[in-house]
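Remarks on the overall topology
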Amino acid sequence: MTAHIDDKIETDFLVVGSGIAGLYTALKLGRLGEVQIITKNSVEESSTQYAQGGIAAVLDKGDSWELHMKDTLQAGADFCNEDAVRVLVKEGPDRVNELIELGTQFDFIEGELDLAREGAHSRRRVLHARGDATGEEIRESLTAAATNRENVELNERTFLIDIYVEDDRFAGALCCDHNKDNIVFYRAPYGILASGGCGMAYKNTTNPDVTTGDGVAAAYRCGAEIVDMEFIQFHPTALYDPEGVSFLISETVRGEGGLLRNEEGERFMEKYHEESELAPRDVVARAIIAEGKKFDKENVWLDVTHLDKKYIKGRFPNIYTTLKKKGIDMTVDTIPVVPSAHYMIGGVKTDLDGRTSIRNLFACGEVACTGVHGANRLASNSLLEGLVFGHRIFESIRKDGLRSSVKVDHTGSEQDICDDPCLWGLKQELRSSMMDKAGIIREKDELIEVIGWLEKEMKKIKNISFFNTEGHEIKNMLRVGILICRSALIREESRGAHFRIDHPDKKHGWDNKHVLFDKENPQGYVK
Ligand code: SIN
């Protein structure tokens with residue numbers, strides 16, 4: 001089958017993705033020129049939408065940016081980019097106040113912001129909304145603000161196929177428009193990737209179905225630098241479902257006093273870390289695996305039955321209702337929980353202004369790696385990162401002055417496409433293999449085995465041009481899987497979210513070393 005590239009859309013800014021980073025950056029860039037946002041599903045489908053715990057920022061008199069910085073660095077396991085962290089924590093409060101001015105309604109108590117505490121935060125500094133539906137509130141207010149801006153257009157059901165680069169400069173992107181069933185070339189002087197992470201590469205994930213690593217894979221194909229992909233953060237407490245579809249049980253549940261218990265009902269976290277249930281996420285995730293193993297189980301139990309019932313229902317209405325529909329009343333029943341892939345810490349390498357290694361291609365939010373999260377992201381820093389670095393992208397383009405597009409045109413050309421990939425089985429196999437062999441606990445031989453399998457499958461479909469989204473997604477998931485596993489194999493130590501059972505300790509020799517991929521080094525190298 002052949003498809004024509006029928007349409008060309010000229011714009012000033014092409015923003016890929018409609019979570020907090022995409023919407024906020026688009027809103028800002030709308031002051032400078034015309035913005036086209038493309039998003040592969042509907043605007044409701046993003047990790048932002050499902051964020052529960054909240055957004056961390058220093059807004060309390062008893063708190064300071066220095067403390068927020070200290071907590072972020074400590075969680076990051078001696079691996080954060082300190083300059084990026086300083087920017088995040090110092091500029092964060094202004095950006096959160098902007099969100100409030102835009103109409104985002106965070107929860108207040110007695111006239112003051114109701115700040116929550118999450119693991120590895122030394123202070124209560126996590127803003128939340130509608131109890132545990134923070135992401136939904138942010139997404140709704142940002143969508144309203146962005147779409148009310150005259151020169152910002154939101155294109156749903158529009159999938160990024162590939163990024164075009166001319167003379168090492170962003171030139172545009174080829175996309176499938178599933179509203180009209182055609183292929184469109186977007187030409188723009190600037191591209192901003194805000195397409196989120198890759199949780200769907202794992203069987204158990206807290207992320208929605210759309211998180212197939214499309215942005216990282218497209219950036220890799222166009223030669224942009226990719227970094228730190230071995231660091232995949234697992235959230236310790238997602239609802240256990242043997243089918244592998246997980247629902248997040250926010251860390252704030254443990255922050256409010258929730259306790260973890262093993263199969264025999266015993267608390268166990270005190271044995272593993274002085275912070276018990278609020279220890280860093282990687283420590284809690286591995287402790288859960290170890291306790292589960294003792295009883296030949298995948299899950300342990302989260303217990304809030306000792307807390308006030310009315311308070312639980314009011315503080316966690318989303319979790320309470322979702323569990324109730326599944327037959328669990330969290331005020332009287334313990335909740336089966338399992339660690340699940342939650343956040344891609346690495347990604348497209350950027351500087352402090354969101355610039356990637358390709359001129360005029362920027363990246364922001366989970367798809368980007370600013371170095372803020374180091375080897376282990378501090379809870380609720382990611383929504384903040386989307387705002388802070390989205391603003392910096394806007395500022396850097398504003399200061400530089402707008403450039404014009406590269407004169408390339410792909411309309412009129414044809415693409416051979418395959419419309420019926422039938423790749424469902426491959427997708428499930430990939431997700432299970434990644435979970436078993438490149439998940440929370442990794443080991444050399446298993447990584448080599450899974451890389452061999454991923455590369456073999458990639459070879460089979462690499463040169464097929466798909467029209468439907470699923471075909472592209474599988475290709476992107478295979479690519480992201482290869483990037484994660486190659487990085488995990490190269491990093492012969494354990495640090496933060498990356499744990500190698502054959503190299504169980506942190507090694508100082510790796511303190512400042514990153515695993516990178518670029519045009520000259522598609523197999524990865526250490527720098
Ligand atoms: C949570 O609510 O536990 C998730 C917060 C985060 O991952 O930042």
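So, a few notes on the structure that sits alongside this text. Note that this is a predicted model, so its numbers are computed, not measured.

1. Thoughts on the pattern of salt bridges
- For the structure shown, the criterion picks out 42 salt bridges.
- A salt bridge links Lys-297 to Glu-263, with the shortest nitrogen-to-oxygen separation between them at 3.9 Å. Of this pair, Lys-297 sits in the loop between α9 (281-294) and β16 (300-303) while Glu-263 sits in the loop between β15 (259-261) and α8 (269-272); the two residues are 34 residues apart in sequence, bridging distant segments of the chain.
- Where Glu-457 meets Lys-456, a salt bridge forms, and the shortest distance between an N and an O atom there is 3.9 Å.

2. Some points on the side chain of Ser-340
- Mapped onto the fold, Ser-340 is located in strand β17 (residues 335-344).
- Given a relative accessible area of 0%, Ser-340 falls into the buried group.
- Those residues in contact with Ser-340 that sit more than four places away from it in its chain are Asn-204, Thr-205, Thr-206, Gln-233, Phe-234, His-235, Ala-238 and Ser-246.

3. Describing the sheet that holds strand β13 (residues 226-227)
- Overall, mixed pairing links the five strands, which are arranged β20-β18-β13-β22-β23 in an open sheet. A strand with exactly one partner marks an edge of an open sheet, and here the two such strands are β20 (368-369) and β23 (525-526).
- Sheet topology places β13 next to strand β18 (residues 347-349); two bridges connect them, and they run antiparallel. Bridge pairing links Val-227 to Gly-347 in β18.
- Contacts from helix α15 (residues 469-490) reach β13, β22 (515-517) and β23, with the element oriented near 145 degrees to β22.

4. A look at the sheet that holds β16
- The sheet built from four strands is open, its strands ordered β14-β17-β16-β15 with antiparallel pairing. Where the open sheet ends on each side, the last strands, each with one partner, are β14 (232-239) and β15. Sheet twist, expressed as the average angle between the axes of neighbouring strands with direction ignored, equals 45 degrees.
- Of the pairings in the sheet, the one linking β15 to β16 comprises three bridges and is antiparallel in character. Paired with Arg-261 across the bridge in β16 is Trp-301.

5. Comments concerning the site of the ligand
- Looking at the ligand, the residues that line it are Gln-52, Gly-53, Glu-118, His-235, Ser-250, Glu-251, Arg-281, His-342, Arg-377, Ala-379 and Ser-380.
- Take Gly-53: an N or O atom from its main chain is 2.8 Å from an oxygen atom of the ligand.
- In the environment of the ligand, an oxygen atom lies 2.6 Å from a nitrogen or oxygen atom belonging to the backbone of Ser-380.
- Here the ligand has 260 Å² of accessible area as a free molecule, and 93% of this is covered by the chains.
- Of the residues assigned to the shell around the ligand, the class counts are one nonpolar, six polar and four charged.

6. Remarks on unusual backbone geometry
- Of note, the phi angle at Ser-276 is positive, near 45 degrees, even though the residue is not glycine.
- The topology assignment puts Ser-276 in the loop between α8 and α9.
- Located in the positive-phi region is Asp-296, a residue other than glycine, with phi close to 55 degrees.
- Relative to the elements of secondary structure, Asp-296 occurs in the loop between α9 and β16.
- Using a relative accessible area of 73% as the deciding quantity, one classes Asp-296 as exposed.

About the cut-offs
Residues numbered from 1 in each chain as written. Predicted model: local features only at pLDDT ≥ 70, side-chain atom pairs only at ≥ 80, totals over all residues. Heavy atoms only, no water. Salt bridge = Lys/Arg side-chain N within 4 Å of Asp/Glu carboxyl O. Helix = DSSP H or I, 4+ residues; strand = E, 2+ residues; numbered from the N terminus. Buried < 20%, exposed > 50% of the residue type's maximum accessible area, 1.4 Å probe, protein only. Contact = heavy atoms within 4.5 Å. Pairing = 2+ DSSP bridges. Axes fitted to C-alpha atoms, helices over the stretch in contact; angles between N-to-C directions. Near = heavy atom within 4 Å. Polar contact = N/O pair within 3.5 Å; in protein donor to acceptor, adjacent residues only side chain to side chain. Areas by Shrake-Rupley, 256 points an atom, 1.4 Å probe, with all protein chains shown as cover. Nonpolar A, V, L, I, M, F, W, Y, C, P; charged D, E, K, R; others polar.

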